[in-house]
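# Residue-level structural notes
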Amino acid sequence: MRWIQEYTGNQTSQVLTMDYKDNPRFPHTCVIKRRTDDDDPMTDDQYSQIIYQGKCRSYNVNTTSGTGDVIISNRKLSLPVKQKEWGESRPIPIEGDRVEVNKGSYTESGEVIDKMPGNLGTHILWKYGRN
């Protein structure tokens, strides 16, 4: 919000205006993949079954551990998919699935730890290793 001056004839008045900010609920895109039991040695990607691909929101949960050479952060991923929408045609993410989040200028990747229902969809707890 900011004040601007308007000139009307001989009078000056101040008006409070609001600037529009583009702040979508799900600003990122993500892919959740599941490992397949494919014994093909020519396949580079072992995670070939796509569980979810679309918009999401990834954020910190403030849990970090640095017990080795790599710092591990726990993050949450909000998906606009309600619990009842997961099923046969769309398998629910499980522990060990691979997460890749595109945040515009960089990509984060990690592994699913847990899932839980949320107000506007599903929350996925995942660990992000910073190399």
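Rules of the game
Residues numbered from 1 in each chain as written. Predicted model: local features only at pLDDT ≥ 70, side-chain atom pairs only at ≥ 80, totals over all residues. Heavy atoms only, no water. Helix = DSSP H or I, 4+ residues; strand = E, 2+ residues; numbered from the N terminus. Buried < 20%, exposed > 50% of the residue type's maximum accessible area, 1.4 Å probe, protein only. Contact = heavy atoms within 4.5 Å. pLDDT = per-residue confidence, 0-100. Pairing = 2+ DSSP bridges.

### Re the overall build of the protein
Helix and strand content of the protein: zero helices and eight strands. Along the chain direction, N to C, the helices and strands of the protein fall in the order β-β-β-β-β-β-β-β. A burial count over the protein gives 25% of its 131 residues as buried. Here the contacts in the protein between residues at least 6 apart in sequence split such that 50% fall between residues at least 24 apart.

### With respect to the confidence of the model for the protein
Overall, the prediction assigns the protein a mean pLDDT of 81, with 75% of residues at 70 or greater. Averaged pLDDT values for the elements of the protein fall to 68 in strand β1 (residues 2–8) and rise to 94 in strand β6 (residues 98–102).

### Observations concerning the pairing of strand β7 (residues 107–117)
Pairing between β6 and β7: five bridges, direction antiparallel. Residue pairing for β7: N102 is matched across the bridge by T107. The hairpin turn running from β6 into β7, its antiparallel successor, is four residues long, and G104 in that turn takes a positive phi close to 100°. Here β7 runs beside strand β8 (residues 122–130); their pairing, made up of seven bridges, is antiparallel. Counted as the bridge partner of M116 is H123 from β8. Adjacent in sequence and paired antiparallel, β7 and β8 are bridged by four residues, among which G121 carries a positive phi angle near 160°.

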